[in-house]
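Reading the structure
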Amino acid sequence: MTEERKYRVLVVDDETSVLTTYRMILERQGYEVVACATSHKALDVLKESRFDGVLCDYSLEEDHTGLEVILAARKYDADVPATLLTGYATKETSQEAASQNIEIMFKPIDIEELLNTTSRMVRRER
């Protein structure tokens, strides 16, 4: 990031190693990252904080989904950009994401793809 403003990004993934990797990559690029390993933690954080973007794994603990987290984030900021991270997506999931203006990135996610998508997302360049 070349701008002085630090963009705040919420990252949610129930795989600790993946979550840590995303956090480290984004922080090295100057993002302020809040990393949550559960949908419950993410929902608690959303009650107190606002973000410039949300990166969220689709499949979370106890049958919760990233769509739930993103829609909760949009209760506080209807325009917050978001991207679902998934190793798979059904046609229905893809259609639902598209109808909600949510991008999808498929795992495994390349570092450049993660950085480019996050940069576009927080700058709202869809």
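See the structure above.
Residues numbered from 1 in each chain as written. Predicted model: local features only at pLDDT ≥ 70, side-chain atom pairs only at ≥ 80, totals over all residues. Heavy atoms only, no water.

**Considerations on the pattern of salt bridges**
- All chains considered together, the criterion is met by 7 salt bridges.
- Between Asp44 and Lys47 there is a salt bridge, and its shortest N-O distance comes to 3.8 Å. Here Lys47 and Asp44 lie together in helix α2 (residues 39–48), a separation of 3 residues that amounts to about one turn.
- Its relative accessible area of 43% is what places Asp44 among the partly exposed residues.
- Here Glu103 ties to Arg120 by a salt bridge, and the two come within 3.0 Å at their closest N and O atoms. Taken together, the positions of Glu103 in strand β5 (residues 103–106) and Arg120 in helix α5 (residues 111–122) put the pair 17 residues apart, joining distant regions of the chain. (Salt bridge = Lys/Arg side-chain N within 4 Å of Asp/Glu carboxyl O. Helix = DSSP H or I, 4+ residues; strand = E, 2+ residues; numbered from the N terminus. Buried < 20%, exposed > 50% of the residue type's maximum accessible area, 1.4 Å probe, protein only.)

**Overview of unusual backbone geometry**
- Looking along the chain, the bond that leaves Lys107 and enters Pro108 is cis, with omega of 0 degrees.
- Residue position: Pro108 is located in the loop between β5 and α5.
- Even without being glycine, Glu62 reaches a positive phi, approximately 50 degrees.
- Of note, Glu62 is situated in the loop between β3 (53–57) and α3 (66–76).

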